[in-house]
Amino acid sequence: MAETSPKQFQPYVPASQIIPEFSVKAVMLGSLFGILFGAVTVYLGLRAGLTVSASIPIAVLSISLLRFFGRGTILENNIVQTTGSAGESVAAGVIFTLPALIFLGFPLEYTRIFLLALIGGWLGVLFMIPLRRQLIVKEHGNLTYPEGTACADVLVAGEKGGSFAGRVFMGLGIGGVYAFFMHAMRFWYRTPEYRPAWYNGASVKAEVTPEYLGVGYIIGPKVAGTIFAGGIFSWLLMIPAIKFFGGMLKEPLYPGTVPIAQMEPDQIWASYIRPMGAGAVAAAGLITLMRTMPTIVNAIKSGVKDLRAEKGQKVDTVSRIENDLPMNIVIFGSIVLVVFIWGLLTFMPVPGADTGVLANLLSAILVVIFGFLFVTVSSRIVGLIGSSANPVSGMTIATLMATCALFLIAGWTGGAYAALAITIGGVVCVAAANAGATSQDLKTGFLVGATPSKQQLGLMVGVMVSVFVIGLTLILMNKGLAEYKPFQLDLNVVELPEGVQVESKEFEYEGKSYYLVNAIGSRTVPDGKYLYSPETQKIEIQWIQGIGSERAAAPQARLMATVISGILNQRLPWGLVLLGVFLVVAIEVLGIRSLAFAVGSYLSIGTTLAIFCGGIVRWLAEGKAVSGKGEGEVSSGSLYASGLIAGGGIFGLAAIGIALMEQTGVFGLEPGDFAVGPKILESIGLGSLSTAHLFSVAMFLLLAGSLYYYAKKQVETKT
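Owing to the predicted nature of the structure, the values given are computational and were not obtained by experimental measurement.

A word on the overall build of the protein chain
Part 1: Summing up its helical and strand segments, the protein chain has 21 helices and seven strands in all.
Part 2: Classification of the 719 residues of the protein chain by burial places 60% in the buried group.
Part 3: Summarising the internal contacts of the protein chain: among those between residues at least 6 apart in sequence, 80% fall at separations of at least 24.

Structure below.
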């Protein structure tokens, strides 16, 4: 596709027009949303292993709130969503990595989480400053940035009103009611599944949520189809093959801890497919990185040119919509953050990790190098397939692999160095996650005519305020959801099995003294923490911490801990990782861009199938016209899809908040108080529908039908 010249595009607010933008009320409201969505994202991500983009929900809420307190401008609403969305993206990076400290046997420290999240968040913003012109402006027409485009549609719709705005709010209303009825009231099952008896190990399922349907519509059938193809490969080819060839094994096959014959498809996916998918995403990310090198070089050259030009250029000669923060802030800020990382590693070292001043400096520089590379890759990825499918964890795994390889060369293989590796990987993960969201925000600003420098300041503020609550929420969930359960297992502490270690010989529980034992990557003891009795010489109790339990599984963080422990202890399933690498090589040889396929192979088919359905609806509604539309053009379907994403996000998060209130007993609520759907259906003789998978499919088809209807219906706008 030929590159669209930025001069051909005219934003909604012209560069010559000056209206209120970075106002006190906009920054304050955005900060409030950053705190709220940061905390809720921690809860959602630990529970479900996924996050929901916050930009569109915040934009919709901002339009309503600022209108209630006195009308705000479209640029003020943009600052609100820009500032607020930083909390969600930083929280996503944190929960994907730092809970791994628990699995590695280390406590969660608030100060450490705060500093790592702050450093990673600011790195993500700083590195996107020189990249904005290359990726957002010059690649306009090539990189869609679906959530950013959808958010711009929402902001413009709120400004214009008429059926233009009504289309978005219709999607918001229908998507919100659908999400609330499904998540909170539980009228129907969220993930219908079909496992054919004639194809052992196969599983076809879909998370029938409005936000996935909306994202699939916006990214279009081609990308959505490629993502789903990866899901087909993993779930309908690899998992049945593993079940077929491994079903005769009587012993567990590492990294699994139970025989394959006893595994469900989800367990096979978690144990065998995800390492393979991680290898695929890492390889595809590196290939994307190599393709992106010209962009990186151009970004650096452009940044240096801007830095030189600043000395002799007056600020008023730069167009408002091209005014980024100066390049010297990027350079100086990066140096300051290197010093921060060095200070953290030197004055707050991981206990037992003796690294030295020079090694800490090299580690800090390594963080910045990996951070810049994966910020660039992350931005291009979200421009292609959206933030919802951004494989941040795959990029983090690539960072951890490289870091741990260097640690092996240096002879750093103890448990403390595993915690040091996750510290480095955590900062990179936060930076990549925040860069993806930052790219979407900057794309929104580009489309609506925002001032980039003010957006970048808003992002810095959003990161700063949200990190205060992210670590606190993480620690409170770990403590509040912890359980102690009886567990009997013989264990020889004199000759511990591989992957098992004694963390403490003085652990008190209910007046009795135990050994605290941690297992990760063991072939005999399932991952987790246990209380071992020296009297009976058995494990008697399993200490299920809040993070890692069924109620807060933190799957990505568990994967990070497994990767680190596997490499440093040389137990990583390299065969699976290399399968993913050469899968990507084969896809590239076929002439297909492998990134979207790799992402699909890594994600659950429940996600990829739902996204694919959105792409199919767009193909049915627009046909050949799909490829001819630019992302700045407003279409009936994109407006309604934006509303679905907003409705699914807002009411999905509301349902999570209700569940949290039920669990903690706020306002006298008890678990299940809001789940009245099954009771209502039972009262009219239809009780079985709440758990009927076909009923879930039927409701999702109705939602998809509404998307098709509004995509075909023309939009009327006020002039």
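Here the narrative resumes, following the displayed structure.
Side note on helix H10 (residues 327-347)
Part 1: Along its 21 residues, H10 runs 30 Å from first to last C-alpha, staying within 8% of the 30 Å computed at 1.5 Å per residue.
Part 2: Every buried residue of H10 is listed here: Met327, Val330, Gly333, Ser334, Leu337, Val338, Ile341, Gly343, Leu344 and Leu345.

Description of the environment of phenylalanine 127
Part 1: One can find phenylalanine 127 in helix H5 (residues 110-137).
Part 2: For phenylalanine 127, a relative accessible area of 5% gives the class buried.
Part 3: In this structure, the C-alpha to C-alpha distance between phenylalanine 127 and alanine 435, residues 308 residues apart in sequence, is 7.9 Å.
Part 4: Excluding anything up to four places from it in sequence, phenylalanine 127 contacts Ser334, Val368, Gly371, Phe372 and Val375.

So, the packing of aromatic side chains
Part 1: Overall, the coordinates contain 25 aromatic pairs when judged by the stated rule.
Part 2: With a centroid separation of 6.4 Å and an interplanar angle of 10°, the aromatic rings of phenylalanine 370 and phenylalanine 374 are classed as stacked. A residue pair is termed a helical-turn pair when its members lie 3 or 4 positions apart in one helix, as phenylalanine 370 and phenylalanine 374 do in helix H11 (residues 357-385) at four residues. Across the pair, exposure class does not vary: phenylalanine 370 and phenylalanine 374 are buried alike.
Part 3: Ring centres of tyrosine 484 and tryptophan 543 lie 5.7 Å apart, and the angle between their planes is 5°; on these two criteria the pair is classed as stacked. A residue pair is termed long-range when its members are at least 10 positions apart, and tyrosine 484 in strand E3 (residues 483-490) and tryptophan 543 in strand E7 (residues 538-544) qualify at 59 residues.
Part 4: Residue tyrosine 484 is classed as partly exposed on the basis of its relative accessible area of 31%.
Part 5: Cluster of aromatic residues (ring-pair linked, three or more members): Tyr484, Phe507, Tyr509 and Trp543.
Part 6: The ring of tyrosine 217 has arginine 618 sitting right over it, with the charged end atom 5.7 Å from the ring centre.

Digging into unusual backbone geometry
Generally, phi is negative for residues other than glycine and the peptide bonds are trans, each holding for most cases.
Part 1: Unusually for a residue other than glycine, arginine 186 sits at a positive phi of about 60°.
Part 2: Here arginine 186 is to be found in the loop between helix H7 (162-183) and strand E1 (193-194).
Part 3: Even without a glycine there, the phi angle at glutamate 510 is positive, about 50°.
Part 4: Residue placement: glutamate 510 occurs in the loop between strand E4 (500-509) and strand E5 (512-519).
Part 5: Given the relative accessible area of 71%, glutamate 510 is considered exposed.

A look at the pairing of E4
Part 1: Pairing of E4 with E5 involves seven bridges; the strand directions are antiparallel. By the bridge assignment, valine 500 is partnered in E5 with alanine 519.
Part 2: Turn length for the E4-E5 hairpin, with the two strands adjacent in sequence and antiparallel, is two residues, and the turn residue glutamate 510 shows positive phi of about 50°.

Remarks on the pattern of salt bridges
Part 1: Summed over all chains, the structure comprises ten salt bridges.
Part 2: In this structure, arginine 195 and glutamate 193 form a salt bridge, with 2.8 Å as the shortest nitrogen-oxygen distance.
Part 3: A residue is classified by how much of its surface remains accessible, and glutamate 193, at 24% relative accessible area, is partly exposed.
Part 4: Among the charged side chains, a salt-bridge network with shared partners connects Arg132, Arg133 and Asp324.

With respect to a nonpolar patch on the surface
Part 1: Together, Tyr110, Met464, Phe468, Leu472 and Leu476 give the surface a local cluster of nonpolar side chains, amounting to about 440 Å² of exposed area.
Part 2: It is helix H14 (residues 452-480) that provides the largest number of residues to the nonpolar patch, a total of four residues.
Part 3: Turning to its location among the elements, phenylalanine 468 is positioned in helix H14.

As for the sheet that holds E5
Part 1: Pairing is antiparallel in the open sheet, where five strands are placed in the order E3-E7-E6-E5-E4. The sheet is open, and its two borders are formed by E3 and E4, each paired with just one other strand. Mean inter-strand twist for the sheet, computed between neighbouring axes without regard to direction, equals 30°.
Part 2: Relative to strand E6 (residues 528-533), E5 is paired through five bridges, and the arrangement is antiparallel. When the sheet's bridge partners are listed, asparagine 518 is paired in E6 with lysine 529.

A few points about the nonpolar core
Part 1: Core analysis: the largest hydrophobic core is formed by 195 residues, its most contacted members being Leu46, Val94 and Leu474.
Part 2: When residues of this core are assigned to their parent elements, the largest contribution, 20 residues, is made by helix H13 (residues 415-448).
Part 3: Here valine 94 is in contact with Pro99, Ile113, Ala117, Val430, Ile470 and Leu474, once residues within four sequence places are set aside.
Part 4: In terms of nonpolar packing, the next biggest core, distinct from the first, is built from ten residues, Phe33, Phe37, Ala54 and Ile79 among them.

Description of the packing of H5 against H14
Part 1: Orientation of H5 relative to H14, taken along the N-to-C sense of each, is 160°, at an axis distance of 9 Å. Taken together, the axes of H5 and H14 lie roughly antiparallel to each other. Judged by the twist between their axes, the crossing of H5 over H14 is right-handed. Across the interface between the two elements, Tyr110, Ile113, Phe114, Ala117, Leu118, Gly121, Trp122, Val125, Leu126, Ile129 and Arg132 from H5 touch Pro452, Gln456, Leu459, Met460, Val463, Met464, Val467, Phe468, Gly471, Leu472, Leu474 and Ile475 from H14.

Some details on empty space enclosed by the protein
Part 1: Following the criterion strictly, the structure yields three cavities of 30 Å³ or more and no others.
Part 2: The calculated volume of the largest cavity comes to roughly 60 Å³.
Part 3: Elements with a minimum of two residues in the lining of the largest cavity: helix H2 (55-68) and helix H6 (146-160).
Part 4: Grouping the constituent residues of the lining of the largest cavity by class yields three nonpolar, three polar and three charged.

Conventions we followed
- Residues numbered from 1 in each chain as written.
- Predicted model: local features only at pLDDT ≥ 70, side-chain atom pairs only at ≥ 80, totals over all residues.
- Heavy atoms only, no water.
- Helix = DSSP H or I, 4+ residues; strand = E, 2+ residues; numbered from the N terminus.
- Buried < 20%, exposed > 50% of the residue type's maximum accessible area, 1.4 Å probe, protein only.
- Contact = heavy atoms within 4.5 Å.
- Expected span 1.5 Å × (residues − 1).
- Phe/Tyr/Trp six-rings, centres within 6.5 Å; stacked < 30°, edge-to-face > 60°.
- Lys NZ or Arg CZ within 6 Å of the ring centre and 35° of its normal.
- Pairing = 2+ DSSP bridges.
- Salt bridge = Lys/Arg side-chain N within 4 Å of Asp/Glu carboxyl O.
- Patch = residues over 30% accessible without salt bridge, like charges linked within 9 Å, V, L, I, M, F, W, Y side chains within 5 Å.
- Areas by Shrake-Rupley, 256 points an atom, 1.4 Å probe, with all protein chains shown as cover.
- Axes fitted to C-alpha atoms, helices over the stretch in contact; angles between N-to-C directions.
- Core = buried A, V, L, I, M, F, W, Y, C linked by side-chain atoms within 4.5 Å.
- Parallel < 35°, antiparallel > 145°, perpendicular 65-115°, else oblique.
- Left-handed = near helix turned anticlockwise from the far one by under 90°.
- 1 Å grid on protein atoms, 1.4 Å probe; cavity = no way out; pocket = protein on both sides within 12 Å on 5 of 7 lines; lining within 4 Å.
- Points joined across faces, edges and corners; volume = space filled by probe spheres on them.
- Nonpolar A, V, L, I, M, F, W, Y, C, P; charged D, E, K, R; others polar.

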